[in-house]
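A structural walkthrough
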Amino acid sequence: MHIWAVGGGKGGTGKSLVSNGLGTRLAERGQQVILVDADYGGPNQHTYCGIRKPQTSLVQFFEERMPLEEIAQPTKIERLRLIPGNINSHNTDNLTTTQKQKLFRHLKHLQADHVILDLGAGTGYDTLDTFLQADVQVGVIAPDTLAIENFYLFLKNLKYRQLGNTLSLLSLRDRAKGIWKNRAELGIVNTKEFVAHLRVLSPEFSELFNQEQKKLKMHVVLNQVREHRQAEIGFAVKSAVVKFFHITAAYAGHVRYDKDLWLQFGQDTPALQRGSSFTLRQDLERITEEILKAQFPEET
Amino acid sequence: MDEGQCRRILEVTEDASAEDITQAYLLMKRIYEREQAIFAAPSMDEFAPEAREAILEEIEAAYRELSRLQSAAQPRIHPLPIILPVGSLPSDGEALRSFREAAGVSLEYVASQTHVRVEFLSALEEERFWDLPLAAVNVRGFLSAYATEIGLPAEAVVPPYMQRFQQWQARREK
């Protein structure tokens, strides 16, 4: 089973749209898929799926310990099930880290080929940890400076989080803090040199940190492409991720902007299944295939 | 820098063709040459001007190296800067041919770039004047295009060659 995480920093770039498209395509390929609305502060995956009032949601998991298998409900698309986000609860976005970790542990035991997590915006520790633990990591951006800037911040935070997690695992956190505090005396000017210093100090850290870094592979998706020339921005960002941030990345492709998407909600048919959403469907199918090819070359 | 590293820098796969590599190089240049690009985040330390310049240099070096490796196996994908030894410009057909081969350029490549047929180009190199067009103006045009393409200054190469061509024509008319 593969866990996919769809994130990217800024809100409104199209993480839910892309998650939905990925899930739909994988299910159409004949695989069992469960979509999880992990955007606790702004769940709307059920609306994409054309489900007006979900009977169960993550509330039952957190408050009544209902098994996820029971919460997962069928959608209009065969083999695609949905675990809706907290909707009718007074407390949606204030789950504890323990609660979110518990959710991730349970997700790993779901009966499916692919579990797709639609993450919320922002760079909170829980979002970063979930993203880092996923097998397939998808970052969604839009062709504007604001979205791209936030995406880079997301990446930087992922890197810092990896560093922090590795240090915690080896109980080196306090020691590292001390080194950073005295960095002027030690002649350390930036994070790169800080990491180099730590590597020399602890070969164990060096080894584990390398392993952690290998786990991060960003699939970049460029959404909301209105003009042909914007498509190149996707390549440019992917290239910058590799060259400026030294993170492995692959460009999965772009999604053309659909000015009529807003009209497709509130119907019984899932938004992407409506006839006029065909460009979105086409682009998301292509992107899913690209990600599969890049992530699982031996299977495709 | 080995070939694998060069390909990684230009972000192309191992099976990318010469054409793919050139396209990737041009794309990389477009991306990193602009100081203010939509994908850049000037607020971040990572995007310091020095970092961008270092990347540009790396891209150039990688493309130069790949071009060199490709031209060794012909056909070349990018004109190489050629440094000429002073006072030794080739002007007869034999010397021109050696010069072209040393630069790693095939006749087919020259033909594709100059639109002069390979038969005429090889006649030029072998000084088979009788296989060339009768009008000196055409021969001059072919030779000039050929010389420029292999990286030689036409104004230095053409006159001595044309002198021999016209002497041959005069002898033939007698």
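Residues numbered from 1 in each chain as written. Chains lettered and ligands numbered in written order. Predicted model: local features only at pLDDT ≥ 70, side-chain atom pairs only at ≥ 80, totals over all residues. Heavy atoms only, no water.

1. Observations regarding the overall build of chain B
This is how it is decided: Numbering of helices and strands runs from the N terminus, with a helix taken as a DSSP run of H or I at least four residues long and a strand as a DSSP run of E at least two residues long. As defined in this context, the radius of gyration uses C-alpha atoms, and a globule is described by 2.2 Å times the residue total to the power 0.38. Throughout, exposure labels follow a simple rule: accessible area from a 1.4 Å probe, protein chains only, divided by the maximum for the residue type, with under 20% read as buried, over 50% as exposed, and the rest as partly exposed.
In terms of helices and strands, chain B carries eight helices and zero strands. Its helices and strands in sequence order give chain B the pattern α-α-α-α-α-α-α-α, from N to C terminus. Relative to the compact-globule value of 16 Å for 174 residues, chain B shows a C-alpha radius of gyration of 22 Å, a clear excess of over 25%. Oriented by its inertia axes, the alpha-carbon framework of chain B measures out at about 80 × 30 × 30 Å. Counting only residues that meet the buried cut, chain B has 44% of its 174 residues in that class.

2. Points about the pairing of strand E6 (residues 136–141) of chain A
Residue and element names in this part refer to chain A. The cut-off we apply is this: A pair of strands is labelled paired if DSSP reports no fewer than 2 bridges between them.
Across the six residues that make up E6, a large majority, six, are buried. The two faces of E6 match: Val136, Val138 and Val140 on one face and Gln137, Gly139 and Ile141 on the other face are all buried. Bridge count between E6 and strand E7 (residues 217–225): five bridges; the pairing is parallel. Note that in E7 the partner of Gln137 across the bridge is Met218.

3. Thoughts on the pattern of salt bridges
Cut-off, in case you're wondering: The term salt bridge refers to a pairing of a side-chain nitrogen on Lys or Arg with a carboxyl oxygen on Asp or Glu at a separation within 4 Å.
Tallied over the entire structure, the rule returns 30 salt bridges over all chains. The salt bridge partner of A:Lys215 is A:Glu212, with a shortest N-O separation of 2.9 Å. Here the salt bridges share partners, and the residues they tie into one network are B:Glu94, B:Arg97, B:Arg100, B:Glu101 and B:Glu125.

4. Thoughts on the pairing of strand E2 (residues 33–38) of chain A
Residue and element names in this part refer to chain A. In terms of residue burial, E2 counts as a mostly covered element, since six of its six residues are buried. Taking every second residue as pointing to the same face, both faces of E2 are buried, with Val33, Leu35 and Asp37 on one and Ile34, Val36 and Ala38 on the other. One ladder, built from four bridges, connects E2 with strand E4 (residues 80–83); its direction is parallel. Pairing of Ile34 across the sheet is with Arg81, part of E4. Pairing between E2 and strand E5 (residues 114–119): six bridges, direction parallel. Within E5, the residue paired with Val36 across the bridge is Leu117.

5. Some thoughts on the domain arrangement of chain B
Let me state the cut-off plainly: What counts as a domain boundary in this text is fixed by an automatic or database domain assignment.
Along its sequence, chain B is carved into domain 1 (3–72) and domain 2 (93–173). Measuring from the centre of the C-alpha atoms in domain 1 of chain B to the corresponding centre in domain 2 of chain B gives 37 Å.

6. Here's the deal with the environment of A:Thr97
Residues and elements named next belong to chain A. Condition: Any pair of nitrogen or oxygen atoms within 3.5 Å is treated as a polar contact; in protein, a donor-acceptor pairing is required on top of that, and neighbouring residues in sequence qualify only through side-chain atoms on both sides.
Along the polypeptide, Thr97 turns up in helix H5 (residues 97–107). On the accessibility criterion, Thr97 (37% relative accessible area) is partly exposed. Considering only alpha carbons, one finds Thr97 and Gln32, 65 residues apart in sequence, at a separation of 28 Å. One polar contact links Thr97 to Asp126, side chain to side chain, over a distance of 3.3 Å.

7. Quick look at the side chain of B:Glu127
All names here are of chain B. Which entries qualify depends on this criterion: Contacts between residues were defined by any pair of non-hydrogen atoms, one from each residue, lying within 4.5 Å.
Turning to its location among the elements, Glu127 is positioned in the loop between helix H6 (118–125) and helix H7 (136–149). A distance of 2.8 Å separates a polar side-chain atom of Glu127 from the backbone nitrogen of Gly93. Residues in contact with Glu127, not counting those within four places in the same chain, are Asp92, Gly93, Tyr161 and Arg164.

8. Some details on unusual backbone geometry
Residue and element names in this part refer to chain A. At Gln224, a position not held by glycine, the phi torsion is positive, near 60 degrees. Residue position: Gln224 is located in strand E7. Using a relative accessible area of 19% as the deciding quantity, one classes Gln224 as buried. Notably, His246 is not glycine yet its phi reads approximately 55 degrees, a positive angle. Mapped onto the elements of the fold, His246 is located in the loop between helix H12 (231–243) and strand E8 (248–256).

9. Details of the side chain of A:Arg161
All names here are of chain A. If you trace the backbone, Arg161 turns up in helix H7 (residues 145–169). The exposure class of Arg161 is buried, given its relative accessible area of 15%. Not counting residues within four places of it along the chain, the set of residues in contact with Arg161 comprises Tyr125, Leu128, Asp129 and Leu132.

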